[in-house]
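Structural features, examined
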Amino acid sequence: MNWVIQYYCSSLENEILGLPAGLLARYLRLTDLMIEFGPNLGMPHTKAIDDGLFELRLKSKEGISRVFYCTLKERQICMLHTFIKKSQKTPAKELKLAFSRLREVKNEAQ
């Protein structure tokens, strides 16, 4: 049985679909693998952050991007937030927004 990918909101889905071509191609390839094999693809593709938050690690000639996601019951993967990396360290405001959305999604799922 395959996993299902959903989005926190439609504007997030549009933001992801608006990524540069190389990053979008990488996103689509990795999400195809997630649907078939599950959300934990391992490094260098996915990484656990903390408290059920994970990041999908995208890299192409256009740059580096991250998509934060979590898993829900019934084999669901919920994409929470995306941003394009401009520095080595993930900015605190990006993590804060992802954790905020994670708590909101988990509370709704209960």
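Now for a description of the structure that goes with this document. Everything numeric in this text was worked out from a predicted model, so none of it was measured. (Residues numbered from 1 in each chain as written. Predicted model: local features only at pLDDT ≥ 70, side-chain atom pairs only at ≥ 80, totals over all residues. Heavy atoms only, no water.)

1. What about the nonpolar core?
If you look at the biggest cluster of nonpolar residues, it comprises 17 residues, and the most contacted ones within it are Ile16, Tyr27, Leu56, Leu58, Val67, Ile77 and Met79. With six residues, the top contributor of residues to this core is helix 2 (residues 21–37). Every residue in contact with leucine 58, bar those within four places of it in the chain, is listed here: Leu19, Leu23, Arg26, Tyr27, Leu30, Gly63, Ile64, Ser65, Arg66 and Val67. Residues Leu53, Phe68, Cys78 and Leu102 belong to the second largest nonpolar core, which totals eleven residues. (Core = buried A, V, L, I, M, F, W, Y, C linked by side-chain atoms within 4.5 Å. Buried < 20%, exposed > 50% of the residue type's maximum accessible area, 1.4 Å probe, protein only. Helix = DSSP H or I, 4+ residues; strand = E, 2+ residues; numbered from the N terminus. Contact = heavy atoms within 4.5 Å.)

2. Brief notes about the environment of tyrosine 27
If you trace the backbone, tyrosine 27 turns up in helix 2. Overall, tyrosine 27 belongs to the buried group, its relative accessible area being 1%. Contacts of tyrosine 27, omitting those with residues within four sequence positions, involve Ile5, Tyr7, Ile16, Leu56, Leu58, Val67 and Met79.

3. Concerning the packing of aromatic side chains
Enumeration according to the criterion identifies two aromatic pairs in this entry. Look at phenylalanine 54 and tyrosine 69: their rings are 5.5 Å apart centre to centre, the planes differ by 20 degrees, and that puts the pair in the stacked class. Linking phenylalanine 54 in strand 3 (residues 53–60) with tyrosine 69 in strand 4 (residues 63–72), this pair joins segments that are 15 residues apart in sequence. Overall, the relative accessible area of 23% leaves phenylalanine 54 in the partly exposed class. Between phenylalanine 68 and phenylalanine 83 the ring centres are 5.9 Å apart and the planes differ by 20 degrees, which places this aromatic pair in the stacked class. With phenylalanine 68 in strand 4 and phenylalanine 83 in strand 5 (residues 76–85), this pair connects stretches of sequence that are 15 residues apart. (Phe/Tyr/Trp six-rings, centres within 6.5 Å; stacked < 30°, edge-to-face > 60°.)

4. Examining the sheet that holds strand 3
With mixed pairing, five strands are arranged side by side in an open sheet as 1-5-4-3-2. Each having just a single partner strand, strand 1 (4–7) and strand 2 (46–50) make up the two edges of the open sheet. Averaged over neighbouring strand pairs, the angle between their axes works out to 35 degrees when direction is ignored. Bridging between strand 3 and strand 4 involves seven bridges; their strand directions are antiparallel. Note on strand 4: the bridge partner recorded for serine 60 is glycine 63. Along the sheet face, helix 1 (residues 10–17) touches strand 1, strand 4 and strand 5 and points at about 55 degrees away from the line of strand 5. Strand contacts of helix 2: strand 1, strand 3, strand 4 and strand 5, with the helix running at about 135 degrees to strand 3, the strand carrying the most contacts. (Pairing = 2+ DSSP bridges. Axes fitted to C-alpha atoms, helices over the stretch in contact; angles between N-to-C directions.)

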